[in-house]
There are 2 protein chains.
Amino acid sequence: MDLAQRLLSGDMRALARAISMVERHDPDLPELLLAVRPSAGRAHVVGITGPPGGGKSTLADGLIERWRTQRRSVGVLAVDPSSPFTGGAILGDRVRMQRHTLDSGVFIRSMAARGHLGGLAAAAREAIRLIDAAGRDVCLIETVGVGQSELEVMHTVDTVVVVTTPTSGDGVQMIKAGIMEIPDVFVLNKADLPGADRMIRELRAVVHEAAHTRPKRFVGSDGGAAGPAWEPPVIRCIASEGSGVDELVAAIDRHREHIEQSGELQRRRVERYIAEVESIVAEMAVQRARTALRRGTIDIPDDGDLTHADPYAVASQLLDSPGPG
Amino acid sequence: MDLAQRLLSGDMRALARAISMVERHDPDLPELLLAVRPSAGRAHVVGITGPPGGGKSTLADGLIERWRTQRRSVGVLAVDPSSPFTGGAILGDRVRMQRHTLDSGVFIRSMAARGHLGGLAAAAREAIRLIDAAGRDVCLIETVGVGQSELEVMHTVDTVVVVTTPTSGDGVQMIKAGIMEIPDVFVLNKADLPGADRMIRELRAVVHEAAHTRPKRFVGSDGGAAGPAWEPPVIRCIASEGSGVDELVAAIDRHREHIEQSGELQRRRVERYIAEVESIVAEMAVQRARTALRRGTIDIPDDGDLTHADPYAVASQLLDSPGPG
């Protein structure tokens, strides 16, 4: 049985191998992705992000446990920008989750993706497709860092959960700054710490205001679809005690139901599909340019120094060269 | 006088405006970059990176001071992946450097670059070109984070300085793991902390070994050029007291001289030029694809759902569509 078939039959070792292909950008990957594509599109893809120290991993662990109680199979992808400086910390964080490794209903994998032209988001999109096609009911994407590329990863999921804490104070600032247009569900974790009540009130007020002043970009991005807009709920959690996790699971399910009915899910899928196509276009174009460069079919300035040529003219010449083969 | 002329005459307000154009990906930027291109290529571009808490900003501050004593003009670019979570910390770190703002010989600017198709590295390359063309003798690039995209930024400079400390212990691990192929100069900062001597010895041993076993990729990447290979020096610093900074300045100058004479500088420039062309090719191709998508000139599956089409086939159709206009 080939890799695609094994993956489609739910073989987790095949899934692990396929994700390694994403990581190392294997030339056989496009074919595999194409083969599994018709079987994908069923999983609920949930993203979890937020500042370090907010308890994302503990919360993810709680979510996995609840989903398993509901007999849903889970695929977890920890997206890791693969910094050589933080490698140790990342592994440390995930120790807790490793207790699920004996449960075949839980697949956990961290993915580094260096040098992927489309960036982390493109790599995440591919890995999600594979997890989805392998028949997982829920696919949970956790970002390790909080940089720009990690935020872009959140554009590849159905439901974005942003985790903040009373001490970070970032949640409110984030929304006020208009930067965090992406959350579908807010979690105030460590809600037993001082200041939690005030922060919940502030978050709810800000979310409510945003829902009514910027309905198109913020708040579920319903973009004019039928039905009421989605106002991101703010869930109190103490993840270390398991408190609030049931409410979080329910909110995530409600969001999925909402976007399914409002047409937002399909809209997000088309958007993601176009992003995927654009990243393939960029990659194809660069491949074509590299081939042309190797063939030496471009005009080099009289002094023989390529770097003295107008890079836009060179690029345009390369783009219009005949493709490889 | 237009912006290009003002920038070329060394007007720092024009430079600041031009870098804002890089940040927001202004459509007039390509023309500006082209206009200033012949005047660039003179500055020594130095990158400084390393784990958080290693004292990069204090060290940068010390470098600026020494360079100013030598009457060299300086442009500093703090490349910021623009995480909404760390915004405050970034500004805080830079307070110390702000004392140079009254000195017209020092230009300091942080640059966020969201959504640049070529990533942070492409944005950094453009900003460096501008700083260079504005006549700065030294252009210092400091990365704020330590993610993948920040490491890629280091491929755009002439001399990479990696800062580590006795407590981080990352320096040795980094090289051993074969990940950090990029440093040209190592700094062990906070060298008054316990463990510094041992770490210096370890770093030097590892660097020396690497210089003799992997001469092509590591150690100045001389790639077969004439002359002896570059063995990255390991400099002891206590940046907060200014100790070791003179040695660091000298090591940076020695490296520049080395790569100039060995031909490595030109090799790096050609490499950077090709990376720039590739990023323009990718961008042009995506623009072309977007135009074609808007024109609706692609085949949509019978069920009317674009996402059911083979994305590779769609991409290839888009890539071969006639360009905009």
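Quick notes on the overall build of chain A
Here is step 1 of the chain: Within chain A one finds twelve helices and seven strands.
Here is step 2 of the chain: Within chain A, the fraction of its 325 residues that count as buried is 55%.
Here is step 3 of the chain: Here the analysis covers contacts within chain A between residues at least 6 apart in sequence; of these, 77% occur between residues at least 24 apart.
Here is step 4 of the chain: Total accessible area on chain A stands at roughly 13500 Å², and carbon and sulfur atoms take up 51% of it.

With respect to the environment of Gly 10 of chain B
All names here are of chain B.
Here is step 1 of the chain: The topology assignment puts Gly 10 in the loop between helix 1 (3-8) and helix 2 (12-23).
Here is step 2 of the chain: Residue Gly 10 is classed as partly exposed on the basis of its relative accessible area of 27%.
Here is step 3 of the chain: With 124 residues separating them in the primary sequence, Gly 10 and Ala 134 have C-alpha atoms 4.8 Å apart.

With respect to the packing of helix 4 (residues 56-69) of chain A against helix 10 (residues 245-262) of chain A
Residues and elements named next belong to chain A.
Here is step 1 of the chain: One can describe the packing of helix 4 onto helix 10 by two numbers: an axis separation of 10 Å at closest approach and a directional angle of 75°. In terms of orientation, helix 4 lies roughly perpendicular with respect to helix 10. Contacts between helix 4 and helix 10 involve Leu 59, Gly 62, Leu 63, Arg 66 and Trp 67 from the first element and Val 245, Asp 246, Leu 248, Val 249 and Ile 252 from the second.
Here is step 2 of the chain: Residue composition of the contact of helix 4 with helix 10, by class: seven nonpolar, one polar and two charged.

Points about the pattern of salt bridges
Here is step 1 of the chain: The final tally for this structure, using the stated rule, is 38 salt bridges over all chains.
Here is step 2 of the chain: The salt bridge partner of Asp 253 of chain A is Arg 72 of chain A, with a shortest N-O separation of 2.9 Å. Remark: Arg 72 of chain A occurs in the loop between helix 4 and strand 2 (74-80) and Asp 253 of chain A occurs in helix 10; sequence separation between them is 181 residues.
Here is step 3 of the chain: Overall, the relative accessible area of 18% leaves Arg 72 of chain A in the buried class.
Here is step 4 of the chain: Among the ionic pairs, Arg 129 of chain B bridges to Glu 276 of chain B, the shortest N-O distance being 2.7 Å. Separated by 147 residues along the polypeptide, Arg 129 of chain B in helix 6 (residues 119-133) and Glu 276 of chain B in helix 11 (residues 264-295) bring together distant segments of the chain. We note that Arg 129 of chain B, like Glu 276 of chain B, is buried.

Examining helix 6 (residues 119-133) of chain A
Residues and elements named next belong to chain A.
Here is step 1 of the chain: Between its terminal C-alpha atoms helix 6 stretches 22 Å, which fits the 21 Å expected from 15 residues at 1.5 Å a residue.
Here is step 2 of the chain: By the criterion of burial, helix 6 is predominantly enclosed, with 14 of the 15 residues buried.
Here is step 3 of the chain: Looking at the residues trailing helix 6, positive phi occurs at Gly 135, about 90°.

Side note on helix 4 of chain A
All names here are of chain A.
Here is step 1 of the chain: The terminal C-alpha atoms of helix 4 lie 20 Å apart, and with 14 residues this matches the ideal 20 Å at 1.5 Å per residue to within 8%.
Here is step 2 of the chain: Those residues of helix 4 lying buried are Lys 56, Ser 57, Leu 59, Ala 60, Asp 61, Gly 62, Leu 63, Ile 64 and Trp 67.
Here is step 3 of the chain: Of the residues one or two after helix 4, Arg 71 is the one with positive phi, at around 65°.

Quick word on the environment of Ser 262 of chain B
Residue and element names in this part refer to chain B.
Here is step 1 of the chain: Along the chain, Ser 262 falls in helix 10 (residues 245-262).
Here is step 2 of the chain: Spatially, the C-alpha atom of Ser 262 lies 28 Å from that of Leu 59, the residues being 203 residues apart in sequence.
Here is step 3 of the chain: Within the structure, Ser 262 has its side chain in polar contact with the backbone nitrogen of Glu 264 (distance 3.2 Å).

Observations concerning the nonpolar core
Here is step 1 of the chain: Core analysis: the largest hydrophobic core is formed by 74 residues, its most contacted members being Leu 7, Leu 15, Ile 19, Leu 32, Leu 130 and Ile 141 of chain B.
Here is step 2 of the chain: In terms of residues, this core owes the most to one element, helix 6 of chain B, which gives eight residues.
Here is step 3 of the chain: The contacts of Ile 19 of chain B, once residues within four sequence positions are left out, are Leu 77, Phe 107, Arg 109, Met 111, Ala 127, Leu 130 and Ile 131 of chain B.
Here is step 4 of the chain: Core analysis: the second largest hydrophobic core is formed by 45 residues, Ala 4, Ala 133, Val 153 and Met 154 of chain A among them.

Some thoughts on the pairing of strand 1 (residues 44-49) of chain A
Residues and elements named next belong to chain A.
Here is step 1 of the chain: For strand 1, the buried fraction is high: six of the six residues fall into the buried class.
Here is step 2 of the chain: Along strand 1, one buried face is formed by His 44, Val 46 and Ile 48 and the opposite face, lined by Val 45, Gly 47 and Thr 49, is buried too.
Here is step 3 of the chain: Direction of pairing for strand 1 relative to strand 4 (residues 138-143): parallel, over a ladder of five bridges. Residue pairing for strand 4: His 44 is matched across the bridge by Val 138.
Here is step 4 of the chain: The sheet contact formed by strand 1 and strand 5 (residues 159-164) spans four bridges and is parallel. Bridge pairing in strand 5 links Val 46 to Thr 159.

With respect to the side chain of Arg 268 of chain B
Here is step 1 of the chain: Within the secondary structure, Arg 268 of chain B is located in helix 11.
Here is step 2 of the chain: Of note is the side chain of Arg 268 of chain B, whose polar atom sits 2.6 Å from the backbone oxygen of Asp 158 of chain B.

As for the confidence of the model for chain A
Regions with low pLDDT should not have their predicted coordinates read in detail.
Residue and element names in this part refer to chain A.
Here is step 1 of the chain: Mean pLDDT over chain A: 81, with 79% of residues reaching 70 or higher.
Here is step 2 of the chain: Note that residues 83-93 has pLDDT below 50 and, in this model, 17 contacts with residues that lie over four places away or in other chains.
Here is step 3 of the chain: Both confidence scores are given for the complex: pTM 0.71, ipTM 0.73.

Some details on the side chain of Asp 158 of chain A
All names here are of chain A.
Here is step 1 of the chain: In this fold, Asp 158 is placed in the loop between helix 7 (148-153) and strand 5.
Here is step 2 of the chain: Looking at Asp 158, the relative accessible area reads 1%, which means it is buried.
Here is step 3 of the chain: Here Arg 256 takes part through its side chain, which lies 3.3 Å from a polar atom of the side chain of Asp 158.
Here is step 4 of the chain: Contacts of Asp 158, omitting those with residues within four sequence positions, involve Ala 43, His 44, Val 45, Asp 184, His 255, Arg 256, Ile 259, Leu 265, Arg 268 and Arg 272.

Definitions and limits used
Residues numbered from 1 in each chain as written. Chains lettered and ligands numbered in written order. Predicted model: local features only at pLDDT ≥ 70, side-chain atom pairs only at ≥ 80, totals over all residues. Heavy atoms only, no water. Helix = DSSP H or I, 4+ residues; strand = E, 2+ residues; numbered from the N terminus. Buried < 20%, exposed > 50% of the residue type's maximum accessible area, 1.4 Å probe, protein only. Contact = heavy atoms within 4.5 Å. Areas by Shrake-Rupley, 256 points an atom, 1.4 Å probe, with all protein chains shown as cover. Axes fitted to C-alpha atoms, helices over the stretch in contact; angles between N-to-C directions. Parallel < 35°, antiparallel > 145°, perpendicular 65-115°, else oblique. Nonpolar A, V, L, I, M, F, W, Y, C, P; charged D, E, K, R; others polar. Salt bridge = Lys/Arg side-chain N within 4 Å of Asp/Glu carboxyl O. Expected span 1.5 Å × (residues − 1). Polar contact = N/O pair within 3.5 Å; in protein donor to acceptor, adjacent residues only side chain to side chain. Core = buried A, V, L, I, M, F, W, Y, C linked by side-chain atoms within 4.5 Å. Pairing = 2+ DSSP bridges. pLDDT = per-residue confidence, 0-100.

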